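# Observations on the three-dimensional arrangement
Listed here are the chains, written in short residue letters.
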Amino acid sequence: MSQEQEPPGRGLFRVESSPKRVRAFLGGDVVADSTRPLLVWEVPYYPTYYFPAEDVRARLTATGATEQSHERGVAEVLDVATQHGAAAGAGRRFRTSPIEELRSAVRLEWGAMDEWMEEDEPVYTHPHNPYSRIDILASSRHIRVELEGVTLADSRTPRILFETGLPPRFYLPLPHVRMDLLRPSRRQSHCAYKGTAAYWSVDVYDRSYDDLAWIYRTPLPECQKIAGLVCFYNERVDILVDSEVQERPQTQFS
């Protein structure tokens, strides 16, 4: 797998400009429309969009509340309103931020908006990270998944998903998985690149291991190769690749 260049100071708070046109919608109205949004890494894993204040079309009303951020300073909390929609407390303005670029920018809560678009394509969960890349490759490597000595899956036709900053994920055909050991979970998760995942818990030796495996039944177009395949957390099971036990990685999912 070839990887994109890592951003300087990876894992630290940082700000950079984006060349994409980005829009946020609420109640069918445009809340913000900018060709010069900021990408702000508030957490190490993905960025958040901030809009230049002059590119925000919605009415912003101060609530009187404030929030304190170690890196960004004091935020003024704002109600966001358009002709057909409203989102209480969904805006933030850092007028006195120690970071100059943020002083004239507005942050909109992602989940409070009805829709986000990069150029003319919808984006879900969070902005795309320009330093992340996903490759999905067909493979003939022998993959065996075990837990407490019990084989959960055995396949020689995996799809291996390589994603920047994460261990390889082995997606396996359903017939190669011990579905009798898997129990549907109520959990769902959402990935900006792959879509919505459903989960299974695993029961072995009268013990339950929650949310250990997942499936993207209808992934986003860029990840169609993993549609209908099952994947297990490398961090929580034993995976053997060509009979070699893989070390369990330490990630945010451990």
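Here is what the cut-offs are and how they apply
- Residues numbered from 1 in each chain as written.
- Predicted model: local features only at pLDDT ≥ 70, side-chain atom pairs only at ≥ 80, totals over all residues.
- Heavy atoms only, no water.
- Pairing = 2+ DSSP bridges.
- Helix = DSSP H or I, 4+ residues; strand = E, 2+ residues; numbered from the N terminus.
- Axes fitted to C-alpha atoms, helices over the stretch in contact; angles between N-to-C directions.
- Buried < 20%, exposed > 50% of the residue type's maximum accessible area, 1.4 Å probe, protein only.
- Polar contact = N/O pair within 3.5 Å; in protein donor to acceptor, adjacent residues only side chain to side chain.
- Contact = heavy atoms within 4.5 Å.
- Phe/Tyr/Trp six-rings, centres within 6.5 Å; stacked < 30°, edge-to-face > 60°.
- Disulfide = S-S within 2.5 Å.
- Patch = residues over 30% accessible without salt bridge, like charges linked within 9 Å, V, L, I, M, F, W, Y side chains within 5 Å.
- Areas by Shrake-Rupley, 256 points an atom, 1.4 Å probe, with all protein chains shown as cover.
- Salt bridge = Lys/Arg side-chain N within 4 Å of Asp/Glu carboxyl O.

### Some remarks on the sheet that holds strand 21 (residues 238–241)
Reading across from one edge, 14-13-21-22 is the order of the four strands in this open sheet, with antiparallel pairing throughout. At either margin of the open sheet sits one strand with a lone partner, and together these are strand 14 (150–155) and strand 22 (244–245). Where strand 13 (residues 143–147) lies against strand 21, four bridges are found, and the strand directions are antiparallel. By the bridge assignment for strand 21, R144 is matched with L240.

### Quick notes on the sheet that holds strand 19 (residues 207–215)
The strand order 12-15-16-20-19-18-17 describes an open sheet built from seven strands, whose pairing is antiparallel. The open sheet has two edge strands with one neighbour each: strand 12 (134–138) and strand 17 (182–191). For this sheet, the mean inter-axis angle between neighbouring strands, taken without regard to orientation, is 30°. Judged from the two bridges that link them, strand 16 (residues 169–172) and strand 20 (residues 230–232) form a sheet pairing that is antiparallel. Of the residues in strand 20, the one forming a bridge with L172 is V230.

### Focus on the side chain of S189
Looking at where S189 falls in the secondary structure, it is placed in strand 17. Look at S189 and you get buried, because its relative accessible area is 17%. At a separation of 2.8 Å, a polar atom in the side chain of S189 contacts the side chain of Y199. When neighbours within four sequence positions are excluded, S189 is seen to be in contact with G195, T196, A197 and Y199.

### Comments concerning the packing of aromatic side chains
One pass over the full model with this rule turns up nine aromatic pairs. On the numbers, 6.0 Å between centres and 50° between planes, the contact of W41 with Y131 is tilted. In this pair, W41 is assigned in strand 4 (residues 38–41) and Y131 in the loop between strand 11 (121–122) and strand 12, connecting sequence segments 90 residues apart. As far as the burial class goes, W41 and Y131 line up, both buried. Plain terms: the ring middles of F51 and W116 are 5.9 Å apart, the flat faces sit at 20° to each other, and that makes the pair stacked.

### Structural notes on the side chain of R107
Mapped onto the elements, R107 comes out in strand 9 (residues 105–108). Owing to a relative accessible area of 12%, R107 belongs among the buried residues under this scheme. Of note is the side chain of R107, whose polar atom sits 2.8 Å from the side chain of E42.

### Focus: the state of the cysteines
Inspection of the entire model under this criterion finds zero disulfides. C191 carries a free sulfur, and the closest cysteine sulfur to it, the one in C223, is 6.9 Å from it. A relative accessible area of 2% places C223 in the buried class.

### As for a nonpolar patch on the surface
Together, V43, Y45 and Y46 make up an exposed nonpolar region whose accessible area comes to about 260 Å². Residue placement: Y45 occurs in the loop between strand 4 and strand 5 (48–52). A relative accessible area of 46% places Y45 in the partly exposed class.

### Looking at the pairing of strand 2 (residues 22–26)
With five of its five residues buried, strand 2 lies for the most part within the structure. The two faces of strand 2 match: V22, A24 and L26 on one face and R23 and F25 on the other face are all buried. The sheet contact formed by strand 2 and strand 3 (residues 29–34) spans five bridges and is antiparallel. Looking at the pairing, A24 lines up with A32 of strand 3. In this structure, the hairpin formed by strand 2 and strand 3 is closed by a connection of two residues, where G27 is found at a positive phi of approximately 60°. Relative to strand 10 (residues 115–118), strand 2 is paired through four bridges, and the arrangement is antiparallel. Residue pairing for strand 10: A24 is matched across the bridge by W116.

Interpretation note: all reported values are geometric properties and have no functional meaning in isolation.
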